[in-house]
Structures are given as structure tokens and as C-alpha cells.
Amino acid sequence: MNSPILTRLAEANRPEQFVLLEHATKRLTTSDAVTHLLVRGSLARGTADRLSDVDFVVGVEDSLFEEFVSVLDALVTTDLGGVLPGWCDTIVGDMGGLGYVYLIGWAGRLQQLDVYLAPASCIGRVREQTVCQPIFTRDPAAVYQPVPGTVRFTANMIGKPRSCQDLLVEALVIGYLIRKRISRGQEFIAYSEVFLFNTAVKNLIKTALAPLSTFYGWYQLNEEIGTTPIGRQCLNHLVALISASAIPTVAWLIEGLDHVLTVADMVAPETVDNLKQAIDAYRYYLELP
């Protein structure tokens, strides 16, 4: 599949990212459920650098949307070399679908693959809300109607409580994002993502040790968590994270990821065991000790 837009992107961007873009395009469009594929972000604008992510919007037949969401992790892992399960992106804007961030082992390093799944009936809304370039349309003349239940399913997915695995993956993905910000010298964005990183660790601790908590955010952590030896150890790790410099360094990131994995091993050892190969690959690609 060699559309004119893909050709232009090949000429404007680094080969590694283009090859991943083309490979992912071929894999995603083999599914009859996929109705549209759009590329957005810096690749679509022609401003990508060597650290830029591959950012897709994937239109999915409304009646098959829920099923496609359920197999996306397996598809990315098997066909695209995904290192970790996808992080259900809490940063991306609401365009009627669900956003996921994947880390792909590609050409000897990690690449970020953002996948925004949108019901086909929402593609017009997506095009209005973001800069994107269409690279695949299954049937240009088709008109897609919403299917009852899809909106409710999407809302439930966004609002559902996150598991320990979800939160560990979130912390690791945000750690990768912080590494990119450090490399680019983007201190302000790195600062904002450090807060997200620390919050994911806090949420991991609360989910594991105080799953029935009725307190919001960072309230009552000492009272709920700090009453047991393991809880106090976890809070000590959290204090170490939030006491560090607000603008992260590579040394901070290495230490911070050690705190995350130590905490996860204490409160959710089965999760760490289940993700052991993924975590090892993540550390290898990120060149962490």
C-alpha cells in the first residue's frame, strides 16, 4: 500500500519511523473491522524528529468496536513488537473513542506508538478536532451509523477502576515519556509528567493496599497506608520520589523506576511476575541498569 501521503512522509521523516508507520499500516488494515486509518501529530505535520512517536487514529466499524478493543493488545504484541500492554491514555482529548500508548521494540530502540481507536461514526468528529492525514479508507462512500451501547462501552472503559497492572504499565510508559523530554530539553513538559509519574505510583500503592478508599487523590495516605510495615515502606518510596528535583534528570529517572519496581514487587508481586519479560525488555531498550 503506497499512497501519496505515505510517500511524502517517507521523504520527510527518519527511515525507522516511516518503516514502523508502513508496517503498522499494513498490519492494522488487514482487519475487516478497520474502516479508516489516519496519521496525526508531528508525522502528519512534517515536524517529526528522531524521538517522535507514530500517532494513529484507527476507525473501527461501530458494531465491532468493543471486540477490536479487546484484541488490540494481542495484535500490537504479536504483529508490531509491543513491549508492554497498552496504557489507556488519560492525557489524550476526548474525540469519542479510546486512546492507547504502546512502546514498540523497533530497530534496536523503543518507539512510541499512539493508537486512538474511534468508532467509524466518529471519524468526522476526529477530523474536526485534530490535525491528521488519511492514509487508508476502506469505503469512501460508506456512511457509518452509531451502534447503541458503543458510547456507554467507551465511557465505562475510561471510567473503570485501574488494576495494579494498569498502573504499573502507566508508570513505565510515563517514565519513557520523561526520558524523551529529558533528551529534548523540554523541562516544563518533563516537570508535568513527573507529577503524572508520581501519581501513578501513589495510585498503585492505594489500589493494592487500600482498594476501598473513599478519600480523593493524595488525602489521608498516612492514615490509610501508613498503619502497616509494608505501607510505611511504600510511603517512604513515595516520599523519596516527591522529594527529588522537580525537573528530572536521567539519574532521577533510573532511581525513580527502581522505586516503582520495588513498590510493585512489594504490593503486587504477581503483577511483576506476569510482566517480568516485558519489564526486562523495557529496561534493555531504555538502557537502564
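Source: prediction; values computed, not measured.

To continue, consider the environment of Leu221. Inspection of the secondary structure assignment puts Leu221 in helix α9 (residues 221–225). Given a relative accessible area of 11%, Leu221 falls into the buried group. Remark: the alpha-carbon pair of Leu221 and Ala281, spanning 60 residues in sequence, is separated by 33 Å. In this structure Leu221 touches Lys202, Lys206, Gly226, Leu235 and Leu238, once residues within four positions along its chain are discounted.

What follows covers the side chain of Thr35. Following the sequence through the fold, Thr35 ends up in strand β1 (residues 34–40). A polar contact is formed between the side chain of Thr35 and the side chain of His36, at a distance of 2.7 Å.

Here we take up helix α10 (residues 229–242). Its 14 residues give α10 an end-to-end C-alpha distance of 20 Å, which sits within 8% of 20 Å, the value for a rise of 1.5 Å per residue. Here the buried face of α10 lies against α8 (187–209), α9 and α11 (250–267).

Attention now moves to the packing of aromatic side chains. Within this structure, the stated rule accounts for four aromatic pairs. Look at Tyr284 and Tyr285: their rings are 5.4 Å apart centre to centre, the planes differ by 70 degrees, and that puts the pair in the edge-to-face class.

We now examine the pattern of salt bridges. For the structure on display, the rule yields seven salt bridges. For the salt bridge of Asp55 with Arg40, the shortest nitrogen-to-oxygen distance reads 3.2 Å. With Asp55 in strand β2 (residues 54–60) and Arg40 in strand β1, this residue pair connects regions lying 15 residues apart in the sequence. With relative accessibility at 9%, the residue Asp55 sits in the buried group. Classification of Arg40 as buried rests on a relative accessible area of 12%. The partner of Asp53 in a salt bridge is Lys180, and the shortest N-O contact between them spans 3.9 Å. In this pair, Asp53 is assigned in the loop between α3 (42–45) and β2 and Lys180 in helix α7 (residues 164–184), connecting sequence segments 127 residues apart. We classify Asp53 as buried; its relative accessible area is 16%.

The next subject is the packing of helix α4 (residues 65–80) against helix α6 (residues 150–159). For any two helices packed against each other, one specifies the crossing angle of their axes together with the interaxial distance. For the pair α4 and α6, the least separation of the axes is 10 Å and the interaxial angle reads 30 degrees. By the criterion of interaxial angle, the relationship of α4 to α6 is roughly parallel. Contact residues: α4 offers Phe65, Glu66 and Val69, while α6 offers Thr150, Phe153, Thr154 and Met157. Of the residues that constitute the contact of α4 with α6, the class distribution is four nonpolar, two polar and one charged.

What follows is about the sheet that holds strand β4 (residues 98–106). Pairing within the open sheet is mixed, and its six strands lie in the order β3-β4-β5-β2-β1-β6. Whereas interior strands pair on both sides, the edge strands pair on one side only; in this sheet they are β3 (87–88) and β6 (132–137). Two elements, β1 and β6, share five bridges in a ladder whose sense is antiparallel. For Arg40, the partnering residue across the bridge sits in β6 and is Cys132. Relative to β4, α4 is tilted by about 10 degrees, and along the sheet it contacts β1, β2, β4 and β5 (109–119). Against the sheet, α6 makes contact with β4 and β5, and its axis sits at roughly 60 degrees relative to β4, the strand it touches most.

Thresholds applied
Residues numbered from 1 in each chain as written. Predicted model: local features only at pLDDT ≥ 70, side-chain atom pairs only at ≥ 80, totals over all residues. Heavy atoms only, no water. Helix = DSSP H or I, 4+ residues; strand = E, 2+ residues; numbered from the N terminus. Buried < 20%, exposed > 50% of the residue type's maximum accessible area, 1.4 Å probe, protein only. Contact = heavy atoms within 4.5 Å. Polar contact = N/O pair within 3.5 Å; in protein donor to acceptor, adjacent residues only side chain to side chain. Expected span 1.5 Å × (residues − 1). Phe/Tyr/Trp six-rings, centres within 6.5 Å; stacked < 30°, edge-to-face > 60°. Salt bridge = Lys/Arg side-chain N within 4 Å of Asp/Glu carboxyl O. Axes fitted to C-alpha atoms, helices over the stretch in contact; angles between N-to-C directions. Parallel < 35°, antiparallel > 145°, perpendicular 65-115°, else oblique. Nonpolar A, V, L, I, M, F, W, Y, C, P; charged D, E, K, R; others polar. Pairing = 2+ DSSP bridges.

None of this, on its own, says anything about what the molecule does.
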